[in-house]
Amino acid sequence: MNLRAFTTWKVGGPAEWFAEPGDQAELIALAAWAHGQGLALRCIGAGSNLLIADAGVPGLTLCNRRLQGSRLEAQSGLVEAEAGEPMPTLARKAARLGLSGLEWAVGIPGTVGGAVVMNAGAQGGCTADWLASVRLLDPANPGAPFELPGHELDFAYRHSRLQAESWIVLSATFQLDAGHDPTSVTALTSANLHSRTSTQPYQQPSCGSVFRNPEPQKAGQLIEALGLKGLQIGEAQVSPIHANFIVNTGQASAADIAALIQEVQGRVMASHGIALHPEVKRLGFEPGR
Ligand code: FAD
């Protein structure tokens, strides 16, 4: 199965083995099978923060897009969501019930699992602020899912300890703030989406911001100051709209994108003396995630 269609950048080669489990039981059975076969296991969500190598990915790749569903309690603010539930869907559902907390998540085109792993955030909010606990699976011990509280995930800016573990997120529980007026929560949610779609290139394939911000600096501002908007390698281009986005203008390869990332890093280092670190995760380039 070619993984191109499973990423928002629309690049990447084939998975050696591929499956889209429909529920947690199916996912656990697939993990047990991979474990029995001695295959490496990789889990992806909406592929909105992923650069997948042109040569593809060895082992079993599981895509969680079909693992959807959520249970929201209007009174208590507790929200339990499957790993594949899209964050914008969850944000909209919460807003309709007057649950505040996820208004920032509406413009993040990823899943709940990906948001937990990445500690996704925007507009002053992030996953860590609202995550109560997470249900996990260790592929090396697929018979025993377990739960961890959010405070044990070592959350930091776009970081969680899950980025260094091979654990799979099965579901997550959020504690939101109940009792708000659904109309105002919905209005703020919509306003957040509008402010993002009007300043970022949502119409072209991308993975959002490529580089972490080297606080207190903004990666986009450093890149723009060097006049790199529009810089192109193959069909990968530094977005003319937002300098921290690299867009696929047509048939870009992962190699084009990787080369452009390196070129931008080199120029920012040479001019500003600052090392830019990619936020985007790579699959198939080297051992590990
Ligand atoms: P993927 O990209 O599929 O995977 C990301 C990482 O998580 C990979 O290492 C993958 O192996 C791992 N992973 C995914 N699911 C699981 C799971 N169930 N169990 C274990 N590991 C898993 N991000 C922000 O933080 N803020 C933004 O404002 C933002 N804006 C964006 C705008 C655009 C237009 C785009 C395309 C992306 C943007 N992103 C943003 C990046 C991206 O949407 C987030 O990082 C998102 O949380 C990734 O979720 P995903 O489901 O797509 O994960």
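Here the structure is a predicted model, which is why all the values come from computation and not from measurement. (Residues numbered from 1 in each chain as written. Predicted model: local features only at pLDDT ≥ 70, side-chain atom pairs only at ≥ 80, totals over all residues. Heavy atoms only, no water.)

## Overview of helix α5 (residues 182-197)
Right, on to step 1. With 16 residues, α5 should reach 22 Å at 1.5 Å per residue; the first-to-last C-alpha distance of 23 Å fits that figure.
Right, on to step 2. All buried positions along α5 are accounted for by V185, T189, N192 and R196. Buried residues of α5, seen end-on, are gathered within an arc of 60 degrees and therefore sit on one face of the element. When the buried face of α5 is taken as reference, the exposed residues oriented beyond 90 degrees from it are T183 and H194.
Right, on to step 3. Against α2 (87-96) and β7 (121-122) lie the buried residues of α5. (Helix = DSSP H or I, 4+ residues; strand = E, 2+ residues; numbered from the N terminus. Expected span 1.5 Å × (residues − 1). Buried < 20%, exposed > 50% of the residue type's maximum accessible area, 1.4 Å probe, protein only. Arc of directions from axis to C-beta. Contact = heavy atoms within 4.5 Å.)

## Regarding the site of the ligand
Right, on to step 1. The ligand sits among 35 residues. The nearest are C43, G45, S48, T111 and G121.
Right, on to step 2. One nitrogen or oxygen atom from the side chain of R196 is found 2.8 Å from a nitrogen atom belonging to the ligand.
Right, on to step 3. For the ligand, whose accessible area on its own is 970 Å², the fraction buried by protein is 96%.
Right, on to step 4. Sorting the residues of the shell around the ligand by element identifies β2 (41-44), α3 (112-118), β7 and β11 (168-175) as the ones contributing at least two each. (Near = heavy atom within 4 Å. Polar contact = N/O pair within 3.5 Å; in protein donor to acceptor, adjacent residues only side chain to side chain. Areas by Shrake-Rupley, 256 points an atom, 1.4 Å probe, with all protein chains shown as cover.)

## Concerning the packing of aromatic side chains
Right, on to step 1. If you walk through the whole model with that rule in mind, you get three aromatic pairs.
Right, on to step 2. Taken together, a centroid distance of 4.7 Å and an interplanar angle of 50 degrees make the contact between F6 and F18 tilted. Note that F6 is positioned in the segment before β1 (15-19) and F18 in strand β1, a separation of 12 residues in sequence.
Right, on to step 3. The interplanar angle of 70 degrees and the centroid separation of 5.0 Å between the aromatic rings of W17 and W33 together place this pair among those described as edge-to-face. Placement of W17 in strand β1 and of W33 in helix α1 (residues 24-37) is noted, with a sequence separation of 16 residues between them.
Right, on to step 4. Assessed through its relative accessible area of 32%, W33 is described here as partly exposed.
Right, on to step 5. Positioned above the aromatic ring of F285, the side-chain terminus of R282 is 5.1 Å from the ring centre. (Phe/Tyr/Trp six-rings, centres within 6.5 Å; stacked < 30°, edge-to-face > 60°. Lys NZ or Arg CZ within 6 Å of the ring centre and 35° of its normal.)

## Considering the sheet that holds strand β10 (residues 146-149)
Pairing between sheet strands relies on hydrogen bonds along the backbone, with the strands arranged either parallel or antiparallel.
Right, on to step 1. One open sheet accounts for five strands, arranged β5-β6-β11-β9-β10; its pairing is antiparallel. What marks the edges here is a single partner per strand, and that holds for β5 (70-72) and β10. Within the sheet, the average angular offset between the axes of one strand and its neighbour, ignoring direction, is 15 degrees.
Right, on to step 2. This element, α1, spans β6 (78-82), β9 (131-137) and β11 of the sheet and lies at about 145 degrees to β11. (Pairing = 2+ DSSP bridges. Axes fitted to C-alpha atoms, helices over the stretch in contact; angles between N-to-C directions.)

## Describing the pairing of strand β4 (residues 57-63)
Within a regular strand, side chains alternate between the sheet's two faces.
Right, on to step 1. Buried residues dominate β4, accounting for six of its seven residues.
Right, on to step 2. Pairing geometry for β1 and β4, over four bridges, is parallel. Looking across to β4, one finds that A15 is bridged to V57.
Right, on to step 3. Bridge analysis of β2 against β4 gives four bridges, and the strand direction is parallel. Residue pairing across strands places L41 opposite L60, the latter belonging to β4.

## Description of the environment of E103
Right, on to step 1. Along the chain, E103 falls in the loop between α2 and α3.
Right, on to step 2. Note on E103: relative accessible area 10%, which makes it buried.
Right, on to step 3. E103 sits 56 residues away from G47 along the chain, and the two C-alpha atoms are 22 Å apart.
Right, on to step 4. Dropping the residues within four chain positions of it, E103 is found in contact with V185, L188, T189 and N192.
Right, on to step 5. Polar side-chain contacts of E103 include one of 2.8 Å to the side chain of S100.
Right, on to step 6. Within polar-contact distance, the side chain of E103 engages the backbone nitrogen of G101 at 2.7 Å.

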